[in-house]
Amino acid sequence: MTIHPLLTSPARWGTLPLRNRMFMPPMSTHTAHPDGTVSERGHDFIVERARGGAGLIFTESLLTQTTYDSYTGYAALISQDKHIEPLARLVDAVHETGTPIAASLTPGFGRVGAAAPDGGAPYSPSDNTVADNPDMQCRVLTTEQVEDIIEKFAQAVERAMRAGFDAIDIHAHAGHLTDQFLAAAWNRRNDQYGGSVVGRARFATELIKRTRSIVGNEVPISMRLAVRHQFPGGRSESEARELAMILQDAGLNVLIVDAGASESLDWAFPPSSMGTGVFLPDAVVVKPPVTIPVAVTGNLTPDIAERALRERIIDFAGFGRPLIADPQLPAKVAQGLSDRVRPCLRCNLCIDRVFGGQPVECTVNPLVHRAGAGGGVGARAVASGGASPDGSAAGGIDDMHEPRRVAVLGAGVHGLETVRTLARRGHDVVLYPTQAGLGGAPIEGLSDDLRVEVKRLVMWWEKELARLGVRVVEGSAVANACVTGNEVRRQAEELTINLTRELGVDEVIVVNDVVVGAAGVGAGAAGTGAVGTAAAGTAGAEEANRLAVEAIAQAIRAGYEAGQAL
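Read on for a plain summary of the structure. (Residues numbered from 1 in each chain as written. Predicted model: local features only at pLDDT ≥ 70, side-chain atom pairs only at ≥ 80, totals over all residues. Heavy atoms only, no water.)

1. Quick notes on the overall build of the chain
Logical step 1: Looking only at helices and strands, the chain has 18 helices and 20 strands in total.
Logical step 2: Here the chain, with 566 residues, has 61% of them falling under the buried criterion.
Logical step 3: Long-range pairs, those at least 24 residues apart, make up 70% of the contacts in the chain between residues at least 6 apart in sequence. (Helix = DSSP H or I, 4+ residues; strand = E, 2+ residues; numbered from the N terminus. Buried < 20%, exposed > 50% of the residue type's maximum accessible area, 1.4 Å probe, protein only. Contact = heavy atoms within 4.5 Å.)

Below, the structure written as structure tokens:
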């Protein structure tokens, strides 16, 4: 029985019935093909999360034109008819899971985007500085160009309807083109798309009205609004309230609340150091004056979302990065198994990868790294149907040849994931921690807030191993053979043959208990290999923290691969 009755209760996203109030917001995966069409990896990523029980799934942002914005792979495309068919296949696959799907359409990026297709400076509502190059000024969109962007957006809406989407989302994420029109900080125009709050909102309201004229009254329209930009001169709360009412009056069905901008990226993508429920104060600002539902994202947990629903601060809860970490989060919550949700560290490795022009990855979910995998039950389970709340139907877990008795020596993050993977595959596993205990030795360079998150992750592993029937033998002297550097490899080679006999098992895996060392130099398990991180003293705290996160991700990935190899 669920302990989150409101979060798991049916609701309506506008006119669209949802099985619960949990949704996956738009998240870039940087997985599209060079021509902008959805790839197998991007397809599987979304379908996997639909199978996990979310009430509503959003695509990543789909760029509606490439006249004024260059295609860089950050977003997929819906600017040509050739993009419809792969999107239609995606819609069909999501619908097979019983989940509706919304197309998140972006009219452009403006000052936060790359150079324009002609190689010149990006276009923006006014002569703003380019976000990542303050020495460069944006070109100002003419009135005719603004109208052309709106027309191209409308054409993209028609394509989305032909693909079969259930809802349309107008991408206005903090500081992107739509938000640039809305904000006085970036909109100093003197035509109908500037001036007063109503004038600055005209671009957004025309997008809403054109969309409504195409989709009719039965297809809901949503849009994000950054209530607080969190930089000097950014949006005020009073103006956010006014804008919310203007957007509602234009025909918006659901308002999605967030905060931040390129000048305040931590607010746009809040890390663990900012705590939980980061955007709930923004929902409090805009909820009272509007009658349409308000949705929120931003470091939510099921418990916090349930409380916010009970207090009527929000109507829907978005889980973005948590669904990268555990696609089965909604299903687990619905079945009263929220303690089995794999924790998201909020370390932002996923964000860093995409911003760096690489496909999305996850520190704690090694399956996201796999090309062609959705990061959960995997393509094979999608085809065969069904997944349990722990994602054990396929779940990226390969069939084993025969069950074996396996001893794993070392219980750092590498060893814990090795044991979990082996046990999920049906092996009889015994874990021998070193004297450092579960979780292994402290990880150098990791910030205090992330240390807390890693402890939560270790507690999750501990519960998972107990559920899977793994025996944990504490205080074994033999486990302290797990040491760092080349010594672990030498001792592993000498010990494994004797240990199989001594421990009464078929296989012994000796795993490095420590995530440490020079950047790029790994000390790992016998025959597998985990990696280390730079010591905090060799770099700034932020860089040391980043390298520590990279090390954890690679160690967990190595643990998963070690568990799959047997």
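2. Some details on empty space enclosed by the protein
Logical step 1: Under the defined criterion, the tally for this structure stands at 6 cavities of 30 Å³ or more.
Logical step 2: Reported here for the largest cavity is a volume of approximately 470 Å³.
Logical step 3: Considering the residues around the largest cavity, the lining is formed by 29 residues, among which Pro26, Met27, Arg224, Phe269 and Ile351 are closest to the centre.
Logical step 4: Contributions of two or more residues to the lining of the largest cavity are made by α11 (321-325) and α13 (349-355).
Logical step 5: Considering each element in turn, the lining of the largest cavity owes the most residues, 4 residues, to α13.
Logical step 6: For the lining of the largest cavity, the per-class residue count stands at 17 nonpolar, 10 polar and 2 charged. (1 Å grid on protein atoms, 1.4 Å probe; cavity = no way out; pocket = protein on both sides within 12 Å on 5 of 7 lines; lining within 4 Å. Points joined across faces, edges and corners; volume = space filled by probe spheres on them. Nonpolar A, V, L, I, M, F, W, Y, C, P; charged D, E, K, R; others polar.)

3. Quick look at the packing of helix α2 (residues 84-96) against helix α3 (residues 143-163)
Logical step 1: Across the interface, α2 lies against α3 with an axial gap of 8 Å and an inter-helix angle of 45 degrees. Compared by their axis directions, α2 and α3 come out oblique. Of the two possible hands of crossing, α2 and α3 adopt the one that is right-handed. For the pair α2 and α3, the contacting residues are Ile84, Leu87, Ala88 and Val91 in the first and Arg159, Arg162 and Ala163 in the second.
Logical step 2: Residue composition of the contact of α2 with α3, by class: 5 nonpolar, no polar and 2 charged. (Axes fitted to C-alpha atoms, helices over the stretch in contact; angles between N-to-C directions. Parallel < 35°, antiparallel > 145°, perpendicular 65-115°, else oblique. Left-handed = near helix turned anticlockwise from the far one by under 90°.)

4. Some details on unusual backbone geometry
Logical step 1: Positive phi is not limited to glycine here, since Gln230 has a value of about 65 degrees.
Logical step 2: On the secondary structure map, Gln230 appears in the loop between β13 (221-228) and α7 (237-250).
Logical step 3: Assessed through its relative accessible area of 31%, Gln230 is described here as partly exposed.
Logical step 4: Backbone geometry places Asn299, a non-glycine residue, at a positive phi of 60 degrees.
Logical step 5: Mapped onto the elements of the fold, Asn299 is located in the loop between β15 (294-296) and α10 (302-310).

5. Examining the packing of helix α15 (residues 413-424) against helix α16 (residues 448-467)
To characterise two packed helices, one gives the angle between the axes of the helices and the distance between these axes.
Logical step 1: Put simply, α15 and α16 touch, their axes get as near as 10 Å, and they point 30 degrees apart. Considering their axes alone, α15 and α16 lie roughly parallel with respect to each other. Crossing angle aside, the handedness with which α15 passes α16 is left-handed. Of the residues in α16, those in contact with Val413, Leu416, Glu417, Val419 and Arg420 of α15 are Val458, Trp460, Trp461, Glu464 and Leu465.
Logical step 2: Grouping the constituent residues of the contact of α15 with α16 by class yields 7 nonpolar, no polar and 3 charged.

6. What to know about the sheet that holds strand β19 (residues 471-472)
Logical step 1: Spatial ordering of the open sheet is given by β19-β18-β17-β20, a layout of 4 strands whose pairing is parallel. Edge positions in the open sheet fall to β19 and β20 (507-510), since each of these has one partner strand only. (Pairing = 2+ DSSP bridges.)

7. Description of the pairing of strand β7 (residues 101-106)
Logical step 1: Burial of β7 is extensive: 6 of the 6 residues sit out of reach of the surface.
Logical step 2: Residues Ile101, Ala103 and Leu105 point to one face of β7 and Ala102, Ser104 and Thr106 to the other, with burial holding for every one of them.
Logical step 3: Sheet topology places strand β4 (residues 56-58) next to β7; 2 bridges connect them, and they run parallel. Among the inter-strand pairings, Phe58 is bridged to a residue of β7, identified as Ala102.
Logical step 4: Pairing between strand β5 (residues 62-63) and β7: 2 bridges, direction parallel.

8. Describing helix α1 (residues 40-51)
Logical step 1: The terminal C-alpha atoms of α1 lie 16 Å apart, and with 12 residues this matches the ideal 16 Å at 1.5 Å per residue to within 8%.
Logical step 2: Burial runs high along α1: 11 of the 12 residues are buried.
Logical step 3: Three or more residues of α1 are buried, namely Arg41, Gly42, His43, Asp44, Phe45, Ile46, Val47, Glu48, Arg49, Ala50 and Arg51.
Logical step 4: Of the residues trailing α1, Gly53 is marked for its positive phi of about 100 degrees. (Expected span 1.5 Å × (residues − 1).)

9. Quick notes on the pattern of salt bridges
Logical step 1: The full count for this structure, using the stated rule, is 28 salt bridges.
Logical step 2: For the salt bridge of Arg139 with Asp118, the shortest nitrogen-to-oxygen distance reads 2.8 Å. Placement of Arg139 in strand β11 (residues 139-140) and of Asp118 in the loop between β7 and β8 (123-124) is noted, with a sequence separation of 21 residues between them.
Logical step 3: Note on Arg139: relative accessible area 26%, which makes it partly exposed.
Logical step 4: Judged by relative accessible area, which is 54%, Asp118 ranks as exposed.
Logical step 5: Several salt bridges converge on common partners, so that one network encompasses Arg353, Glu361, Glu543, Arg546, Glu550 and Arg557. (Salt bridge = Lys/Arg side-chain N within 4 Å of Asp/Glu carboxyl O.)

10. Focus: the side chain of Arg212
Logical step 1: Note that Arg212 resides in helix α6 (residues 202-215).
Logical step 2: Here Arg212 sits buried without a salt bridge, and the closest side chain of opposite charge, Glu218, lies 8.2 Å off (N-O distance).
Logical step 3: Not counting residues within four places of it along the chain, the set of residues in contact with Arg212 comprises Asn217, Val219, Ile221, Gly251 and Asn253. (Lys, Arg positive; Asp, Glu negative; His and termini not counted.)

11. Regarding the environment of Val452
Logical step 1: Following the sequence through the fold, Val452 ends up in helix α16.
Logical step 2: Judged by its relative accessible area of 45%, Val452 is partly exposed.
Logical step 3: A sequence separation of 107 residues divides Val452 from Leu345, and the C-alpha atoms of the two residues are 9.0 Å apart.

12. Looking at the environment of Ser124
Logical step 1: Positionally, Ser124 belongs in strand β8.
Logical step 2: Residues Ser124 and Leu141 lie 17 residues apart in sequence; the distance between their C-alpha atoms is 5.9 Å.
Logical step 3: Those residues in contact with Ser124 that lie beyond four places of it in its chain are Arg111, Cys138, Arg139, Val140, Leu141 and Gln180.
Logical step 4: A polar contact is formed between the side chain of Ser124 and the side chain of Gln180, at a distance of 2.8 Å. (Polar contact = N/O pair within 3.5 Å; in protein donor to acceptor, adjacent residues only side chain to side chain.)

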